[in-house]
Every structure is written in structure tokens, then in C-alpha cells.
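Examination of the molecular architecture
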Amino acid sequence: MSYVRLINVTKRFGDVTAVNNLNYEIGKGECFSMLGPSGCGKTTTLRMVAGFEDLTEGEVWVGDRLLSSPKKRLYVPPENRNFGMVFQAFAVWPHLSVYENVAFPLRIRKLDAKEIDDRTMDALRATNLVDAKDESPDFLSGGGKQRVALARALAINPDVMLLDEPLSSLDPHLREEMRFEIKDLQQKYGFSIIYVTHDQSEAMALSDRILVMRLGVVQQIDTPLNIYNHPANKFVFSFIGLSNFLHVDNVGGSPVLPEHQGNLPHSLKIPGHLAGETALSLASRPSETDFVAMDDPDGLHGLVTRKAFLGEIVDYQIKIGSQFIRVQKGRREAGPEQGENCSVKFLRPFWYADDYDETQAVAESD
Amino acid sequence: MSSPANKKGSFGVAQVILFLSIAILVIVVAFPVLLILFNAFWVEDHFDLANTISILKQPMTYEALTNSLIIASMSTIGSTIVGTFFAWLVTRTDIPYHNFMKSMFLVPFMLPSFIGAIAWKMLLSPNAGLINRFFMDHLGFDGPIFNIYSYYGISAVEVMYLFPFVFIQVCGALERMDPTLEESARISGAGLLTITRKITIPLVMPSILSGALLIMLYSMAHFGTVAVLGIERGIYNIPVLIYERIHQSGGSFESIRMGAILATVLVISAAIIIWAQRKILSTGHYQIIGGKSFRPTQLKLRGLRIPLMLFCFAYIGFTIVLPTVIIFLVGGLSTYGLPFTPENLSLANYKFILFDFDVTRDAIFNSVTLGFTAAVITMFAGVMISYVIVKMKVRGKGILEFLGMLPFSVPGSVIALGVILAWSGQFGINLYNTVWIILVAYIARYMAFSLKANSAALEQIHDSLIEAARACGATMWQSLKDIVLPLAKPGMLAAFFLIFLPSLRELTVSIMLYAPTTRTIGVAIYTLNEDGETVISCALAGIALIIIVLGQFIINHFNKKAGV
Ligand SMILES: Nc1ncnc2c1ncn2[C@@H]1O[C@H](COP(=O)(O)OP(=O)(O)OP(=O)(O)O)[C@@H](O)[C@H]1O
Ligand SMILES: [Mg+2]
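Cut-offs used in this document
Residues numbered from 1 in each chain as written. Chains lettered and ligands numbered in written order. Predicted model: local features only at pLDDT ≥ 70, side-chain atom pairs only at ≥ 80, totals over all residues. Heavy atoms only, no water. Core = buried A, V, L, I, M, F, W, Y, C linked by side-chain atoms within 4.5 Å. Buried < 20%, exposed > 50% of the residue type's maximum accessible area, 1.4 Å probe, protein only. Contact = heavy atoms within 4.5 Å. Buried area = accessible area lost by both parts, 1.4 Å probe. Salt bridge = Lys/Arg side-chain N within 4 Å of Asp/Glu carboxyl O. Helix = DSSP H or I, 4+ residues; strand = E, 2+ residues; numbered from the N terminus. Nonpolar A, V, L, I, M, F, W, Y, C, P; charged D, E, K, R; others polar. Domains from an automatic or database assignment. Polar contact = N/O pair within 3.5 Å; in protein donor to acceptor, adjacent residues only side chain to side chain. Phe/Tyr/Trp six-rings, centres within 6.5 Å; stacked < 30°, edge-to-face > 60°. Lys NZ or Arg CZ within 6 Å of the ring centre and 35° of its normal.

One finds Y24 and I194 of chain A together with F105 and L513 of chain B to be the most contacted residues of the largest nonpolar core, which totals 223 residues. In this structure, I194 of chain A is in contact with V4, Y24, I26, F32, M34, L46, V49, V160, M161, L162 and L163 of chain A, ignoring residues within four places of it in sequence. Counting 35 residues, the second largest nonpolar core, distinct from the first, contains I116, A123, A155 and Y195 of chain A.

Structure follows, in C-alpha cells:
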């Protein structure tokens, strides 16, 4: 059941297309993240949903209510959308107490005094702010300020909560804590979340589904597990987690690594749908690569050019032909030494065409 | 690293610089101010508060006090409303041409208000004012539509020239303010007007108040406007009364004493105002500056967009263009009162004052040389004092920090009286009736500008740069010469222009100190106008405006080049 719907949403600033033909639907109570590198259009998308930006094309719906549609000349201003929103820079008002910050949206709605007090106190309790209610938010820590912002957004009992990198101004340890607080609040109140971040672990930990975006174009929309295990293209693969890419030439249907002695193992075959490509990428993850015996038929020969201990894990740099990959193993596992020859096996190799069109939107995989 | 001798040597240098800095501030500012306080309370070798109070209770002094207060309050309230409104309009709404309007609203900063007052006198004096006459002669009005010779008139003219203090402060605050503060109110359900009322205005309140206090401080001790517009109806404020008493009595003991008492009132009010301003800025200053910034949502004025734009243009035309045009037109007339027809207008007056009339020629020469000399001296003194305050760690610096605040809180008319007390022979040096006394007064008056510009520039220079030079083996003098001075140059240049330009149009100080041959441009314009030489005085005012605008142009050019 879809609740928030974006249909063919496009936003241009002059010549810059910040968001290009975006389509997605979010269910009621779902936590949906938008993930992507800086400048890919995440904030712009969120601001269009909130109503701070007009759309250039497309429509935004919530339930059966059309909120923005340039074609129908329809635009509901932010103050009438009934969303909760939390900003990166907290945006709590220093001239009002914590209590008055949270009560503000309720006073705007001209509720009666008792209800204002009940709902404000409710929101303050949910965010552990009751003790600080009479203070100025200026005296709170970053985490405290962000709780006030959350409480203020909660007070109106919103159907949809919009969060734009709400945790990126916080210390790392606080960030992890707040992440679960947000999740708990969502479960308690049942609102939908649209969450913008460029931190993939944050998106993975929180979300029911993730949208990966690049240059205003959707790359993949799927569950965190599927995004990790089945990246839709080379960009998504490289954006999520650590990645290795080996450039591979397609010589008459068999893969050839530049300057590599001998053919590739038989288990590394060019997939049928890429048979027509001449230049390919063989993608793998450092943690999903094993060292095997030198005579293993699935092994690929290389030279250990660097071995570094990173505490719990050991990081190897392996030279294969003229290219380098990284391999990571637990510190207790055996591995070759620097300067030794070795043989590696990719546990889950992925193949991508080298020149694919990232600006082509990828269909939503359900 | 450094040998004991070395250490001792640099310690000595620091002491010398500190001593010099203290000496300059004491001689130039503290001593004259102390003399004023002393003269205000000390009668014939004893401390006499009762006498002081009785003088304050005299009708004349009492009226000057209340008038200063009334005019300053009205000007402050008016300027605050006007400045805040325009600042909001150009930063927060979709009014057309907001960049152009923003620069126009800053123009009054460089225009001298007493020249404005002369223009408004010609436009709105009750019987002869051009606008009043137009309404009476052509539109059948029985009497003048507005009398500029009134509290309202005087305050209105002050507002026209003072509102940029609030305007620029509030513009700055609104532009730096994190837009999500307003956006989060919007998503909370508040409309734009509610947001402006409940979020925006309260958040910029410290900036509004600090600008307002600055206006209050300036207006209380301001001579020109009240002197030009008040005389007809006998409205005078503190500086006007001090000037008239001392001028009429040729510097008699009574007049000096009364002046000292009134000046003390000004000093105390200024101290209170400065204190209040610091308090507001330090405690009430919210952290409202945003990180990632989007252009804040602009209020769509819709139907009001064009009317408000026209209103702004009308305001600019009426308060900036009209008075300026009138000054130049009157300056072109052969006799004041003739209609502005081509045959009555010529450049004869302008030629006369520039080449043939020794009073104005002297005045221009005096102002330019005085301004230049004062700017150079104050610039160097300011950079030295700022260096000690901002960068040096020496014992006894606290005294200097205190003395360094003094120039900010001593109004011009107080300084003028102070230098009369100090440099008229009582202490062995008599500079009275020479240009030197004006120079000393200018240095005292503009020291605050120099300290501000130089310490702002020096604060940008990180201590480690100087320490690195010292670590490389440079002596204190070498590090000053090779590292600090080049880096301090922009601040010094700024200080120079901040002093040179205003001194070209200075009136409040020089009116108290001039002698027949030491008139400044401001004094010449004012006295010529008082003597009924309206056309000559307007022509000189026109020349002054041209010099000031050209100077501003050069500064802007410099600043752009320096990337400031
Ligand atoms: N008001 C604006 N005017 C012009 N260009 C804009 C405006 N807002 C955003 N852009 C451009 O649109 C693109 C997308 O910006 P957006 O802020 O949505 O990126 P983002 O994904 O949120 O990045 P970040 O992770 O840095 O916050 C950028 O190229 C940006 O420069
Ligand atoms: Mg963003």
C-alpha cells in the first residue's frame, strides 16, 4: 500500500538538473532512505516533498491528496502539509524554551491549552527532555538540540517525518545512539520516514528500503540486504561497502586481464548478457575474497605488495597483472606475507559493462 | 632558545610600545575627558556637587538636556522602524531590484546630515520652503503642509541619515541567519507573517537593539541637524547650547563650566549606552548562523510587490535624490529665491568658491590637509595600540584595554570641549585658534575608527605566524616589520579612509574650535548658511558632496581590488 508517491518528479535550477524524473512510492509506516554522494539531489528531493521547492515537472501525492503539481498549477505550502521535519543544523529556536519550541506547532494550530500541554509533555517524555523543558536549547548539547527538533516534529503527530541528515552534526557515538532512538519513536508513533543521508551504515541500520541516487538519477531502490547483495550497477556496487574493480578485456568471449600471465580461472566466466561488451569490470569485495592454494583451479595468481594490520583485520594489497585489489581477512586467519606470490578466489564476483549509462534510471525491483 | 640578554631586550621593546600607546591615549583622550569631569565638579578648589546640580537645573541647561533626549529618542525609534522594515524588505521578500535598493539605502551613510538639514530647510521651512510654497501657491493650502523647524522635522531629518546603522546590522543578521530556523517554523504550520513576528524579529532583536543604541549615542551628541533646523524656533540640544555659550562669551569661565557639566552628562549617557550594547551583544546574541545555506524562503508580496517597490523608490527619491538635487540647484543660482530657470542657473558660484573666494578655498585646503594628517597619524597610532591590545602579552595591558574603550564612548562635542580645556595654555601649551587644536581633536575623535579597523585586521593574523618568525631567529622588531606590518596593511588602509572621508565633512568638533583662518569645509558651509550666503554655502556643499562621493568610489575600487 503506497502512501507517499512521487511521480516523474524533476527539478531544474537554471541549467542544472538537480533531480531527474524521480519515481517512488512509500508505504505507511515505512522507513525510506535516500542515499547518495554530495550534490546528488537528496536534499532537493526532500524539500520538494516538504513544499520548500516547487517542482519543475511531476507530482507529489500523500494518500489521496495531491500536494504539488506544476501542470495543474497546484501547490500546497509547507505550513499546510502536516509533515514533521528535522534539519541537519537542528534549527531549534534559541529565544524560546525547550517547552515552547515543542509547543510552537500546537499553538499555531490553536489547540486548547490542556491539549497543548498534554501533547507537548508527551513529546518531551518520548525524547527524554522533561528535565530540560524550561531551559533554552542553547544550553543543550548537539544531541539534546536534535532531540528538541525531534520532539517538535513529533508534537503534531505527523503522518510523514522528513529528516535531512539529522545526525551528521553529532559525534559518532551519539549518532549511533540517536539512530535507534529515531527507530523506536517511529515504531511507537507509526509515521512514515523519508530519511536523507550520505552515510550508508546509517541508511542500512534504519531503513526498510533504500534509494541510491547519483546526479539526480535513481540507481536502485531496494531493501538494504538486496542493495548490498545485488547491486544494480557498478556505481551502487562501489558506493555501498568496500569494493575492488578489475578491468577485464573480452577477447573472443574469454576474459583477459591486462599484463596478467595466463588465462583467468574457468569459474570466472563472462555472463551471457554481457557477451557483446568488449570492456568489462570484475567487481568483488575485499571481505569476500579468500586466499587459496597456488594450484587451486579457481585461484587467480598475484603478488602481495603490502600487508597492513588494522587491529581486528589485516589488509592486503595484491597486484594482479598491472592492477591492484585489496583483500581483508581477520587477524587470526593465515595469509601470505608481503612480497610473496599468492592465489585469490572471489567468493561472489560481479560483472559490469565498463561503459554503461548511469544517467539511465533503473526500474524499481520489487 | 633565546639568551637572557635577548629576552631582556625584547621585554624592553614591549614596555616601550606599551608605554607609548598608553601615553597617546592618555594625552589625546583621557586627559581632556578628565579635565571635563574635573571642571564639572570642582569649583574654586573644592568639590561642589550642589553647584553642579544647580547649573543642571537652570532652565537653559535643563531644556538642552530634555531636548537632546527627546530628539534622540524620536530619531532612534524612527530609524529603528525604518531600518528594520527596509532590511526585512530587501532580504526577506521578493521585492524587485533588491540589490540596487540595498546599496541606495546605504548612501545616507556617506552624506553629511547637516547638508541634508540645509536642503530640507530650503524645502520645508514653514513660509519659504519650496514644497510648502508649492502647496500654498498652487494647491490652495492655507498654511505650510509640514514645518521642518520642529521636533518632528529635526527627528525626521536625523532618521533619514541615521537609519542605515540599524539597516546594515539587521541586513547582516538576516542574511547570516540559518534559514532552516524559519523553515522549521513553516513546516510546523506557521504562515510567513507569523514566522516574521514570532521567529525572525525576535532572533534579530539583538542586532536591532545594538543598531538602535548606536543611533541614540550619535543623535544625543549631534550638532549639525539641530543647529541648522532648531535655531528658528529656539530648539537646541546639548552640543548646540555648549557651542552657543562658548562662542558668544568668547570662552568665559561660566560657559566652559556649563559646557563641562553638559559634556559630563553626555559622557555618562554614552558610557551607559555602550555598556548596554555590550551586554546585549554578549548575552543576547543567539547562535543563529547557519552552516549549509539555501536561499531562505522569500515572502511573496504578490499584490503589494509593485506598490512597495514604488514606495521604496519614492523614499529614495524623496530623501536622497531630492535634497541632493536641491543643493546643487541652489548652488547654481545667482540669488537665493529666484526660480530654477536656465537663465538663473550657472556655474559661477562653483567657480567663485573654488578659485576666487578665500574663505572657501582655505576651508577646502584646511579640511583636506587636516583630514589627511589626522588620518595618517591616527592610522599609525591605531595600529600600534591595537597591536598591543590584540597581540602582545605584557603586564599593564589592562590599563591600555580600558583606555582603548574610551574613544568609542566620547562624543565629538565632548572631545572639542576637552581639547579646549587641555590645550589653551593652562598647561603650558596654547593651541587655541590654530589648526593644531583641530588636528588633536580629530585624532581623538577618530581614534575609535582606527582601533576598530586595525584590531579587526590584526585578529585575523594568527599568533603562530609571529611565533614562527621569532622561532626563525627574527627579533621582535624584525617580525613586526616583515610579518605583522605587511599583514596589517589592509586594516591600516581601511582606517585611513574611515578617517579621511568623514573628516572632510566634519562639523561637530571643528565648529567649536575654528578661528577665522582655520575654518573647515563643514564650518564654512554652516557659517555661510547662517550668514545668509545660502547660494555660496550650497555650492560649497555640492563640492563637498562630489569630493565625498568620489572618495567613496575610490575606496570601493580599492576594496574590490584587495578582495575585501
Ligand atoms: N537553490 C538552488 N539553486 C541552484 N542550484 C541548487 C539549489 N539547490 C541545490 N542546487 C543544486 O542542485 C544539486 C543537488 O543539490 P542537493 O542539495 O539536493 O544535494 P544533496 O544530495 O543534498 O547533497 P549533500 O549531500 O551535499 O547535502 C547540486 O548540484 C546543487 O548545487
Ligand atoms: Mg543535502
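The extent of an interface is frequently quoted as the accessible surface area lost upon association of the parts. Residue-level contacts link 23 residues of chain B with 26 residues of chain A. For the pair chain B and chain A, the summed buried area comes to about 2200 Å², and 63% of that belongs to carbon and sulfur atoms. Taken together, the links from chain B to chain A amount to two salt bridges. The residue R186 of chain B makes a salt bridge to E79 of chain A at a minimum N-O spacing of 2.7 Å. Among the secondary structure elements, those contributing two or more residues to the side of chain B that touches chain A are helix 8 (179-187) and helix 9 (192-220) of chain B. It is helix 8 of chain B that contributes the most residues to the side of chain B that touches chain A, seven residues altogether. Across the side of chain B that touches chain A, the residue classes tally to 10 nonpolar, eight polar and five charged.

Residues and elements named next belong to chain B. Under the domain assignment used here, chain B contains domain 1 (13-33 + 341-564) and domain 2 (48-167 + 192-270). Measuring from the centre of the C-alpha atoms in domain 1 to the corresponding centre in domain 2 gives 24 Å. Counting residues at the interface gives 28 residues for domain 1, matched by 29 residues for domain 2. For the pair domain 1 and domain 2, the summed buried surface comes to about 2500 Å²; carbon and sulfur atoms form 78% of the total. Of all residues in domain 1, L417, R505 and Y526 bury the most surface against domain 2, accounting for 21% of the area lost on that side. Here domain 1 is connected to domain 2 by zero salt bridges. For the pair domain 1 and domain 2, the number of links is one residue pair in polar contact (both at pLDDT 80 or more). Taken together, the elements giving at least two residues each to the side of domain 1 that touches domain 2 come down to helix 16 (397-409), helix 17 (412-422), helix 21 (510-513), helix 22 (521-530) and helix 23 (534-562). Grouping the amino acids of the side of domain 1 that touches domain 2 by side-chain chemistry returns 18 nonpolar, eight polar and two charged.

For G252 of chain A, the location among the structural elements is in the loop between strand 12 (244-251) and strand 13 (254-256). When the C-alpha positions of G252 of chain A and M34 of chain A are compared, they lie 41 Å apart, and in sequence the two are 218 residues distant.

According to the domain assignment, chain A contains domain 1 (2-234) and domain 2 (242-362). Distance between the C-alpha centres of domain 1 of chain A and domain 2 of chain A: 40 Å.

Centre distance and the angle of the planes are the two values used to describe a pair of aromatic rings. Using the criterion set out here, one finds 39 aromatic pairs over all chains in the structure. When the ring centre of F245 of chain A is taken as origin, the NZ or CZ atom of K234 of chain A, which lies over that ring, is 5.3 Å away.

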